[in-house]
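Chain by chain, the residues run as shown.
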Amino acid sequence: MVKGATTIKDIARVLNVSFSTVSKALHGHPSIGATTKERVIATAKKLDYSPNRTAIQFKQQKSFTLGIIVPTLLDHFYTHAVSGFEKIASEAKYTVLIGQNNESLQREKELISAMQSNRIDGLLIAISKETNNIDHLRKLEHAGIPVIFFARKPINEVYSCVSSDVYHAAIEAIRLFVSRGHQRIGFINGPSHFSTSRDRFLGYRDGLLKENIALDQSLIGESDFTTGKTAQLVRNLLHQSSPPTALLLFKDYLMLDVMTCLRKEFSDQYTSIELIGYGALPLFSHFEHPPLASLKEQPYEIGVKAGSLLLKMVHNPKSIHQPQLISLPCTLHYFKELEPI
C-alpha cells in the first residue's frame, strides 16, 4: 500500500519496471510499447497518481499561470472577455489570475507586482482610465513576461492589442443618425489617451464627413466615466443655442448616466434625443423609453483571440513577435422598432 502522494517511483516499484519507463509511458514516448503504456496508466489511475506540478514548472521554467487585469467585472464586456480568455487558457492547461484595477493606476501597479511575484507567464490587460504611462508594464516585458492589451491600449505604444472595430462602428452610427434626419450629432468620448477613444473619434469625424456634415468641436466632450462629469457634459451640450438632437456615446454604461441626466434635468427632451452607445446592454430592452441602438461588440471572442495570441508568445519566448492589432467588427443592435422622426 502506497502512503502519501503517489510518485513515479511508486508506480515503477509496483510494476517492477524502471523509473524512466514509467515516465516515458506517462508522457506517451514512442519507445514504449502499447501494452506497457496501458499497464502504467492503469496503475497510475489505481494509485491515484497526480503529476508533481511544481517539479514540472521548475523543469520547464514556467508557472502555467496567466494574468488578466480589467477595469471592473461589473461591466459585462469584461466579464465575457474573461470567460473567453479562461476558455483558451484552460484548454492549454493554464490557470488564470484575475484582477480588477477599478480604474486606478495605483491598483493596477499593485496587481501587476503581485502577479509578477506569483510568476505569471503572460499578462492580458485593459488599462485603467488613469493609465497614461506604462513603465510598470515595460518592467514585465523586461522580465520576459509578454503583455497583450485588449479593449484599451495607450496611444502610440507598440504592443499587440485585440479590440472592437469601433472606427467603422462609429461611421455606421452616424449613417443611421443622418438617415433619421439628424444633422446636429454630439459625441461624448472616453479618455483621450485610449487608442479606442481615438478610433471612436476618427469614426465619428469621418462619418460626419461622409455625410457632408462639418465637424463642430462644440458638440464633442470627453468623460472620465464619473456620473458628475458625464452629467456636466450633457448640460454643456444641451444648453447651447443649437443643441444636438442625437448623441454617440463611448459605451452603454456612460449612456445610462446620460439618460439619467436627461430624464432629471431635460425631461422635455428625454424621449426626443436619440442615443447610440457601445456594448448592447440587454437591460435597455426593458426600458419604457430605451435608446435608439447600441453597437454590439464581441467581448468573448476578443478574450479568446487575445488569449491565443498571448499563449503563442508564451510558448515561443525566443521568437520575434511583431505587434498585431486585431479588430473584431461591431453590429448595430436596435432596442426598439425604428419609426420616422
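Thresholds applied
- Residues numbered from 1 in each chain as written.
- Predicted model: local features only at pLDDT ≥ 70, side-chain atom pairs only at ≥ 80, totals over all residues.
- Heavy atoms only, no water.
- Helix = DSSP H or I, 4+ residues; strand = E, 2+ residues; numbered from the N terminus.
- Rg over C-alpha atoms; globule rule 2.2 N^0.38 Å.
- Buried < 20%, exposed > 50% of the residue type's maximum accessible area, 1.4 Å probe, protein only.
- Contact = heavy atoms within 4.5 Å.
- Areas by Shrake-Rupley, 256 points an atom, 1.4 Å probe, with all protein chains shown as cover.
- Lys, Arg positive; Asp, Glu negative; His and termini not counted.
- Charge placed at Lys NZ, Arg CZ, Asp CG, Glu CD.
- Salt bridge = Lys/Arg side-chain N within 4 Å of Asp/Glu carboxyl O.
- Phe/Tyr/Trp six-rings, centres within 6.5 Å; stacked < 30°, edge-to-face > 60°.
- Core = buried A, V, L, I, M, F, W, Y, C linked by side-chain atoms within 4.5 Å.

Caption draft 1: The arrangement of the overall build of the protein in detail. The helix and strand inventory of the protein stands at 12 helices and 12 strands. Taking 20 Å as the expected radius of gyration for a compact globule of 341 residues, we find that the protein reaches 26 Å, considerably beyond that expectation. Expressed as lengths along the three principal axes of its C-alpha atoms, the size of the protein is roughly 90 × 40 × 35 Å. For the protein, with 341 residues in total, the buried portion stands at 46%. Put simply, 72% of the contacts in the protein that link residues at least 6 apart link residues at least 24 apart. Summed over all atoms, the accessible surface of the protein reaches about 17,300 Å², with 51% contributed by carbon and sulfur. Side-chain charges in the protein split into 38 positive and 32 negative, and the spacing between the mean points of these groups amounts to 13 Å.

Caption draft 2: Broad picture of the pattern of salt bridges. Taken as a whole and judged by the stated rule, the model has 13 salt bridges. Here Asp135 makes a salt bridge to Arg138, at a shortest N to O gap of 2.8 Å. Of this pair, Asp135 and Arg138 both sit in helix α7 (residues 135-142), 3 residues apart, which is roughly one turn of that helix. Classification of Asp135 by relative accessible area gives partly exposed; the value is 40%.

Caption draft 3: Inspection of the packing of aromatic side chains at higher detail. On inspection of all chains with the given rule, the structure shows 8 aromatic pairs. The interplanar angle of 80° and the centroid separation of 5.2 Å between the aromatic rings of Phe149 and Tyr159 together place this pair among those described as edge-to-face. In this pair, Phe149 sits in strand β4 (residues 147-150) while Tyr159 sits in the loop between β4 and β5 (161-164), placing the two residues 10 residues apart along the sequence. The exposure class assigned to Phe149 is buried, which follows from its relative accessible area of 0%.

Caption draft 4: Focus on the nonpolar core. One finds Leu137 and Leu248 to be the most contacted residues of the largest nonpolar core, which totals 61 residues. The greatest single-element share of this core, amounting to 8 residues, is contributed by helix α8 (residues 166-179). Apart from residues no more than four positions distant in its own chain, Leu248 is found in contact with Ala170, Ala173, Phe177, Gly186, Phe187, Ile188, Tyr204, Ile276, Tyr278 and Leu295.

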